[in-house]
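Chains, contacts and geometry: an overview
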Amino acid sequence: MGKAYEVPEGLTIMKALEYAGFRFIRGSGCRGGFCGACGVIYRSPGEYKLRVGLACQTTVKDGMHLAILPYSPMVKPIYRIDKLKPDLGTILKYFPEIVRCVSCNSCTKACPQDLEVMEAIQAIRQNDIARAANLIFDCIMCGLCSTRCPADIRHPYLFQLVRRLYGKHLLSRARHVELRVKEIVEGRWEAEFSKLMKMSVEELRKLYTERKIEGGEK
Amino acid sequence: MNMEGYSPEMRKLIEIVEETRPERLRRKYRKFSLKERKELVSKWHPDYRSDTKRRLRIGPCRGEIVYSEIADLLEAWPLIEPDSIDLSRIDYDVEILVVGGGGAGAAAALWAYYSGVKPEDILLVTKLRFGDANTVKARTGIQAADRAEDSPILHYLDTMGGGHFVNKPELVKALVSDAPLIIKWLEDLGFIFDKTPSGDMIEYAGGGACRRRLHCARDCTGLELMRVIKDEVINVGIPVLEYSPAIELLTDPETSAVSGAILLNLETEEYLVVCAKVTILATGGCGRLHAVGFPTTNHYGATADGIVLGYRVGAKLRDMDTLQFHPTGAAWPEAIRGELVPEKTRSLGGQLVNIKGEMFVYELEPRDVVASAIIRECAEGRGVITPTGAHGVWLDTPLIEELRGSGTIKKELPALYRMFIRQGIDITEDPILVFPTLHYQNGGIEIDSYGRALAPNGKPIPGLFVAGEVTGGVHGRNRLVGNSLADILVFGRRAGINAAKVAVSISSKPKLSLNHLKAYMEELKRIGIPRTKRAPILLPDYRGEKVLLRSVRVF
Amino acid sequence: MNYLSSLKYLYYPGCTIKRDALEYEEKSLLLLRKMGIELKELESWYCCGALPSLAIDDIMSYVGGTRTLIEAQKLIRRGDFNGLLTLCPMCYNVLKRINLVLENDPDKLEILTEYMEEEERYGLGVNVVHIVEVLAGNIDRLKEIATEKLTEFKVAVYYGCTLLRPKEIAIDDPENPEIIENLLTSLEVAIVDYPFKTECCGSYHILTNRNIVVDRVKRIVSSALRRGANIITVVCPLCMYNLKQVVKEGNKLRAMYLSELLVHLVGDR
Ligand SMILES: Cc1cc2nc3c(=O)[nH]c(=O)nc-3n(C[C@H](O)[C@H](O)[C@H](O)COP(=O)(O)OP(=O)(O)OC[C@H]3O[C@@H](n4cnc5c(N)ncnc54)[C@H](O)[C@@H]3O)c2cc1C
Ligand code: SF4
Ligand code: SF4
Ligand code: FES
């Protein structure tokens, strides 16, 4: 960032910046590698490569040059998931840019979650929604892949659509959930509840300690 | 020196653990007697110690005991001077204001919309980005009694027992009866649950539950939840304002009903005025207060703002003298300090070992006992001090592989393995350092089953709904794993639906004032709180000491 | 007859097949299986690059194709495959052309190898073939299993461009190809000759200017009709798509993939 700071060893980039006196507004979210708020772009000494990563997960190194990338600008398309067909046609309508993928693999190399991003893009183009959804299930939507993509693909939102198409239209529904909901709506448990809610703590405790644990004692 | 992985000094300590491993492999530490447990816990567990808490001197719950860090926030001056705020210029005029962009807030906004409120009449404001929240970090799963072998009744019993039977029954009933409905809703939205090919849920066992009841999305359930409902909020067109925390609620001078909020644009530092017929507080927990100096699993914005705002308009707090400390948070490397090391690591056989390679507790004692034992070891000098000055004891993970065969860790704890291998530590070969970490706010603002905030007299505070981790009563004094994700959606939904009903029933536009604040400030003055103490704190301050000492404020 | 000598190819479907021409794939795979030719689909494959950059000579447009060739190279090393089979002429064209360019321009190969550092080097020499070549090369096997006749039909063969141009990679004489006609004649299918069989159908102009395509296809189709054809057979999903802009269900002329036509001869079980 054009200035050198001295910080104790072993800190993450995020904590090192804070130690040096920065206070984050943008660029810090979950602080545990789950939200993608803390993208950072850096070069390490003696390495020609420009790397990207998460500031909360990457340890600082002596002589590292870096800049915070808290946001990868992109617009999310608006859709009604129940009205969509789970196929490539739908996806192309919202993300026509995916046909421009040149298989350069830059996205995969950028991904802090080590996802097979390029494979996922190709799976989508091959109309294999289920495979794609599974490949990018762990995506934290940091958008670091998109910053490196020569085809200008909006991966985080693209993958969100793919996952929802899969979850909504390709996964089978749980029958037992539907049944239970029906029971509850019909008031099947009401009588038992009113008994239970009138009980004293002692009576409840007795029921509690005597209840059977599934799979036996653990 | 490479600070990922272990330093040579730490390697030497690991050798000690390795030396005692063969012997430990053959035995278990004895279980403590009830008396020993009690002694240990009351001496070392923050919840049972008296020096961690104090009596509130101000506000609706004056005289009640809460954690000192919470008391400090409640006994503090507001960020604004009421008289310097121009309430005549309204920046946002809406039916429903939702404060907090986590799971509870998003669910509330969506259900208000489903209940007929136009999306543009709802406003969701949040402190960081939409979705930067504790919700996104939840890993294990979400509870709902929807298998034939299970029932809402059993879920009720488990929850009450887990909460030491002080939970509010009407809230527990709401939780367990709505939970299956929530699961169905998530399915409708396209949430990817772990399922069998025929569509049945694969459900897992969780501590304190008598049935397998945890619904999961691999090991990132909260991530999937946040992604899906955030996507839906944007799709239906509900406006979202990021980096704009609420710093004060507003009240109608005539009815005393909550009538909106003052927001702070964190980037421009200008304040914004929101007028709303109904306000839903969903600001989450308090881990970043680092109560009693503990690290935390929580996100950056978990600073109990909602507690402060609600208390100032007269809301009743409950169970704020108990916090959930997870016994095993990572203590090293620094990158993942405080992050969760799941209980499963111990149920698979990982033993807890001190610096001398000795066992000091049976690893499957209840959470509070294990946490207390770890704290004791460190306080009495038998813990390991990391290069960054943190304390910890060893959790002997390689033992799992010896006990259950190699490959067990990668199969049973893939996310944990990934978390450490990224930091240069292979937990199948080396043990890890752990220390208790602040995990969850058990109590909070008391609500009723409609999601309305209650005053100490048990009456609802008009215009104010509350949902999620910021509330109290659902979990009593201790929350079960998987019940929080159910909680935030069940009560987010209820708050949204009922807020919509209330908003429709109010025809006139509410008036705005900060009268409640003026009264509160009188009290602050009376007990002599220094003006430098201010709340809500919005974000923790992690700047280095040297910088703070030399800071010159210009901008 | 050498049924005993096994014929094994790796198979590269390409995106168009998976999206718009699943029936072409189905019939082709069925046909090859019946002929005793074994296919193994690549585990990972990448868009050949035809769509984004057919015209531009940008080295980036070679990356996807080269990755696919490397994928094939790895599998060929492990099993004895006779080559990499394609159904879509566009994919055939691109993959084959990449082979050609990289053979003649070592610098380009160097740059690509550098760029795809995570991959092994492409050692050239993956034999890319189109299904028409494989069918024509195994007429005996076809004859053996062809039980049906197509007496009432007269077939016009339509090649399109990408199997024949540029001439270095053409599967037959680019000016007057006869490979498909010969194949069909030997199976006793009646052929009509017409002058437009290698005329371009308009290709991707369909996306920007439908009229160009419709005009061209009309010329092709009416010529075939005038010569008495009632089937026009194609091997390319894009040609098929374009032909169908004019040739509709219930017309005197039917458009049919070559594989589909052949499946009629050998039965679909
Ligand atoms: C590491 C971890 C693992 C967990 N695992 C599980 C699990 O497996 N199962 C389970 O059930 N529970 C789990 N929990 C608990 C659960 O995730 C949370 O309790 C729950 O998600 C809280 O949801 P919420 O919407 O109430 O709060 P949050 O999700 O924290 O959302 C609150 C939002 O409000 C915003 N906010 C705060 N202050 C303000 C303000 N002043 N103005 C505007 N916005 C504000 C915050 O920035 C945040 O976006 C886990 C928690 C953690 C930390
Ligand atoms: S796929 Fe892209 S957006 Fe998702 S985690 Fe990887 S780099 Fe981030
Ligand atoms: S970076 Fe873009 S162009 Fe390159 S492989 Fe990934 S998606 Fe395709
Ligand atoms: S702060 Fe969430 S990923 Fe780094």
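The structure under discussion appears in the preceding block.
Residues numbered from 1 in each chain as written. Chains lettered and ligands numbered in written order. Predicted model: local features only at pLDDT ≥ 70, side-chain atom pairs only at ≥ 80, totals over all residues. Heavy atoms only, no water.

Turning next to unusual backbone geometry. All names here are of chain B. Of note, the bond from Trp 332 into Pro 333 is cis; its omega dihedral lies within 30 degrees of zero at -5°. Each neighbour pair has its own omega, and for Ala 535 with Pro 536 the value is 0°, a cis peptide bond. You can see Pro 536 is positioned in the loop between helix 15 (515-526) and helix 16 (545-549). Positive phi outside glycine occurs at His 164, with the angle close to 60°. With a phi close to 50°, His 290 is a non-glycine residue in the positive phi region. As for its position among the elements, His 290 is in the loop between strand 11 (271-281) and helix 8 (305-312). The exposure class of His 290 is partly exposed, given its relative accessible area of 21%. (Helix = DSSP H or I, 4+ residues; strand = E, 2+ residues; numbered from the N terminus. Buried < 20%, exposed > 50% of the residue type's maximum accessible area, 1.4 Å probe, protein only.)

Counted according to the given criterion, the structure contains zero disulfides over all chains. Residue Cys 210 of chain B stays outside any disulfide, its sulfur separated by 17 Å from that of Cys 216 of chain B, the closest cysteine. (Disulfide = S-S within 2.5 Å.)

Right, let's get into the sheet that holds strand 2 (residues 51-54) of chain A. Residues and elements named next belong to chain A. Pairing is antiparallel in the open sheet, where three strands are placed in the order 2-1-3. Taken across any chain shown, the strands that pair with only one partner, and hence form the sheet edges, are strand 2 and strand 3 (65-68). Taken pair by pair, the neighbouring strands of this sheet meet at an average axis angle of 30°, ignoring direction. Across four bridges, the pairing between strand 1 (residues 39-43) and strand 2 is antiparallel. Bridged to Ile 41 within strand 2 is Val 52. (Pairing = 2+ DSSP bridges. Axes fitted to C-alpha atoms, helices over the stretch in contact; angles between N-to-C directions.)

Time to look at the pairing of strand 9 (residues 246-251) of chain B. Taken across its six residues, strand 9 of chain B has six buried, putting it largely inside the fold. Count of turn residues in the strand 9 of chain B/strand 10 (residues 258-264) of chain B antiparallel hairpin: six residues, of which Ser 256 of chain B carries a positive phi of about 65°.

With that settled, the discussion passes to the interface of chain C and chain A. Facing 16 residues of chain C, the contacting portion of chain A comprises 19 residues. Connecting chain C to chain A are three salt bridges. One salt bridge connects Glu 118 of chain C with Lys 109 of chain A, and the closest N-O pair in it is separated by 3.2 Å. Taken together, chain C and chain A are joined by ten residue pairs in polar contact (both at pLDDT 80 or more). At the level of secondary structure, the elements contributing two or more residues to the side of chain C that touches chain A comprise helix 1 (15-20), helix 3 (50-53) and helix 4 (63-78) of chain C. Across the side of chain C that touches chain A, the residue classes break down as nine nonpolar, two polar and five charged. (Contact = heavy atoms within 4.5 Å. Salt bridge = Lys/Arg side-chain N within 4 Å of Asp/Glu carboxyl O. Polar contact = N/O pair within 3.5 Å; in protein donor to acceptor, adjacent residues only side chain to side chain. Nonpolar A, V, L, I, M, F, W, Y, C, P; charged D, E, K, R; others polar.)

This brings us to the site of ligand 2. Looking at ligand 2, the residues that line it are Cys 111, Pro 112, Gln 113, Val 117, Cys 139, Ile 140, Met 141, Cys 142, Gly 143, Cys 145, Pro 156 and Phe 159 of chain A. Here the shell around ligand 2 is built from residues that sort into ten nonpolar, two polar and no charged. (Near = heavy atom within 4 Å.)

Turning our attention to the packing of helix 4 (residues 103-114) of chain B against helix 7 (residues 221-236) of chain B. All names here are of chain B. Following both chains from N to C, one finds helix 4 and helix 7 inclined at 40°, their axes separated by 10 Å at the closest point. In terms of crossing hand, the pair formed by helix 4 and helix 7 is left-handed. Seen from helix 4, the contacting residues are Gly 103, Ala 106, Ala 107, Leu 110, Tyr 113 and Tyr 114; seen from helix 7, they are Met 226, Ile 229, Glu 232, Val 233 and Val 236. Of the residues in the contact of helix 4 with helix 7, the class split is nine nonpolar, one polar and one charged. (Left-handed = near helix turned anticlockwise from the far one by under 90°.)

On their own, these measurements won't tell you what the molecule is for.
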